[in-house]
Amino acid sequence: MSIGLTLLGLLETGPRHGYDLKRAYDERFGHDRPLHYGQVYSTLSRLLRDGLVEVEGVEAGGGPDRKRYAITGAGVTDVHEWLATPEKPEPYLQNTLYTKVVLALLSGRAAAEVLDVQRSAHLRLMRELTRRKSGGDLADQLICDHALFHLEADLRWLELTTARLNQLAKEIRS
Amino acid sequence: MNAGALITDESVALLEAIDLRKSFGPTPALDGAGLRMHAGEVVAVMGPSGSGKSTLLHCLAGILQPDSGQVLYRGAELSAMSDGVRSELRRTEFGFVFQFGQLVPELTSLENVALPLRLGGMRRKEAESRATEWLERLEVADVAAKRPGETSGGQGQRVAVARALVTGPKVVFADEPTGALDSLNGERVMQLLVAAAKDTNAAVVLVTHEPRVAAYSDREVVVRDGKSREVELAR
Ligand SMILES: Nc1ncnc2c1ncn2[C@@H]1O[C@H](COP(=O)(O)OP(=O)(O)OP(=O)(O)O)[C@@H](O)[C@H]1O
Ligand SMILES: [Mg+2]
């Protein structure tokens, strides 16, 4: 995800100091991965250089936190275009698990075990997200659900592959 | 069955199945399946269609008799009990939630939930007041006077959960309890079911093929070709 565009989007609601911006980002989108201050200031200086934000006011004293940043017209245009452009759907064709299963079959190892262990690991994470969701607000629920649906898709694939393991073994060895 | 015959020692599993085998024809439905559960645990039983999940659940609940192997409830073997004692155990210690078709169509939601208590000899007033509490807890007090045909699938399923829990069972058997519901309704039913079970320290055997439903469990057992197994992950 583009941090620059996300910060721009947050600035659209009003000018902010770098520190406020970081806090707003972490609160809404950071979750497990809060931004580093360094990241915030390097991103802001890039946005400044590209004319997407401007410094609206500088308070007395030194340090980067004295500056208030505001979005420019060009910045608003960039945010608008970003929101209007669909994200590229992931084809998910590079699949480590498929590779592992094939290698297990080729080497005569227990391929079903590879799938079972993965199912268990997936379910463990799904439980954690489900707990978090149950105790969370709507934002938490939506974010966890997104992750849960993806993990569920993986699990469905695991089940299907488990059911077709014998067939796959035959094709691979022929 | 009187409670004195049941072992209440914590070290004994609440419910345990050992090496169950069961055939309906030439191919075995259960071929050495086992399971061990403690009070308050929610265990998901997963696995492909036809692998033996429902058969395992029915054996655990004493609805089906396995050809061989043992099912122990608090250390007492189900197959050693008389039919009458086993039925009594099912009525007093177990609760059931199935995918659909479990509510009596002629009775209102309230009467359906009160039914297990009435069968146990409780007076109508007391039974209905308890049933009302459970309907409220499952967020379906507003359909108390409606019959199953007059409620939505999600409401009906919540009524069924209320009915399964109204007697304060030690084990709840749930076979695809959310199978007929959309995901939002299904999740709510799971949340309510698991919360109620945890509150009352009941164990739940949860048969499901839906990973997001299984995610409400504490651990999973996978059944494949009539054999069950638990995958232990290094932490
Ligand atoms: N009453 C019965 N009579 C004959 N065969 C049965 C009976 N009950 C189950 N079986 C067979 O036993 C096997 C296991 O069935 P079971 O219902 O336990 O599977 P399941 O894992 O619950 O499947 P599903 O996910 O489709 O509900 C199947 O091959 C099924 O056809
Ligand atoms: Mg079944």
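What you are looking at is a predicted structure, and each value in this text was computed from that prediction instead of being measured. Numbering of residues starts from 1 in every chain and runs along the sequence as written. Chain letters and ligand numbers both follow the written order, the letters beginning at A and the numbers at 1. Residues qualify for local features only when their pLDDT is at least 70, as the model is predicted, and side-chain atom pairs are given and counted only at 80 or more; totals for whole chains, interfaces and linings, by contrast, use all residues. Values shown for side chains rest on all heavy atoms present in the structure; no hydrogens or waters enter the calculation.

Caption draft 1: Layout of the confidence of the model for chain B. All names here are of chain B. The pLDDT value expresses, per residue, how confident the predictor is, ranging between 0 and 100. With 94% of its residues at a pLDDT of at least 70, chain B reaches an overall mean of 91. Numbering of helices and strands runs from the N terminus; a helix is a DSSP stretch of H or I covering at least four residues, while a strand is a stretch of E covering at least two. In the model of chain B, strand β10 (residues 227-229) stands out as the element of lowest mean pLDDT, 89, in contrast to strand β8 (residues 203-207), which has the highest, 97. What the predictor reports for the complex is a pTM of 0.86 with an ipTM of 0.84.

Caption draft 2: Focus on the site of ligand 1. Residues and elements named next belong to chain B. Taken together, F24, A29, P48, S49, G50, S51, G52, K53, S54 and T55 make up all the residues around ligand 1. Nitrogen and oxygen atoms within 3.5 Å of one another constitute a polar contact, given that in protein one can donate a hydrogen and the other can accept it, and given that sequence-neighbouring residues count only through two side-chain atoms. Between an oxygen atom of ligand 1 and a main-chain N or O atom of G52, the distance comes to 3.0 Å. Between ligand 1 and K53, the relevant distance is 2.8 Å, taken from an oxygen atom to a side-chain nitrogen or oxygen of the residue. Contact with the protein chains removes 53% of the 640 Å² of surface that ligand 1 exposes when unbound. A single heavy atom is enough: if one lies within 4 Å of a molecule or strand, its residue is considered near that molecule or strand. The method behind every accessible area is Shrake-Rupley, applied with a 1.4 Å probe, and residues are considered shielded solely by the protein chains displayed.

Caption draft 3: View of the environment of A131 of chain B. Residue and element names in this part refer to chain B. One can find A131 in helix α4 (residues 124-137). Partly exposed describes any residue whose relative accessible area lies between the buried limit of under 20% and the exposed limit of over 50%, with all areas from a 1.4 Å probe on protein chains only and scaled to the type maximum. The exposure class of A131 is buried, given its relative accessible area of 0%. Here A131 is in contact with L110, V113, A114 and V166, once residues within four sequence places are set aside. Contact criterion: two residues are considered in contact whenever any of their non-hydrogen atoms come within 4.5 Å of each other.

Caption draft 4: Inspection of the sheet that holds strand β2 (residues 28-37) of chain B at higher detail. Residues and elements named next belong to chain B. The criterion for strand pairing is that DSSP finds at least two bridges linking the strands in question. Read from one edge of the open sheet, 4 strands run β2-β1-β4-β5, paired in antiparallel fashion. The sheet is open, and its two edges are formed by β2 and β5 (76-77), each paired on a single side. Judged from the 5 bridges that link them, strand β1 (residues 15-23) and strand β4 (residues 68-73) form a sheet pairing that is antiparallel. Bridging across to β4, A17 finds its partner in V71. Sitting on the sheet, helix α1 (residues 53-60) is in contact with β1, β2 and β4, with an inclination near 55 degrees to β2. Each axis is a line fitted through C-alpha atoms, and for a helix only the stretch in contact is used; angles between axes span 0 to 180 degrees, taken between their N-to-C directions.

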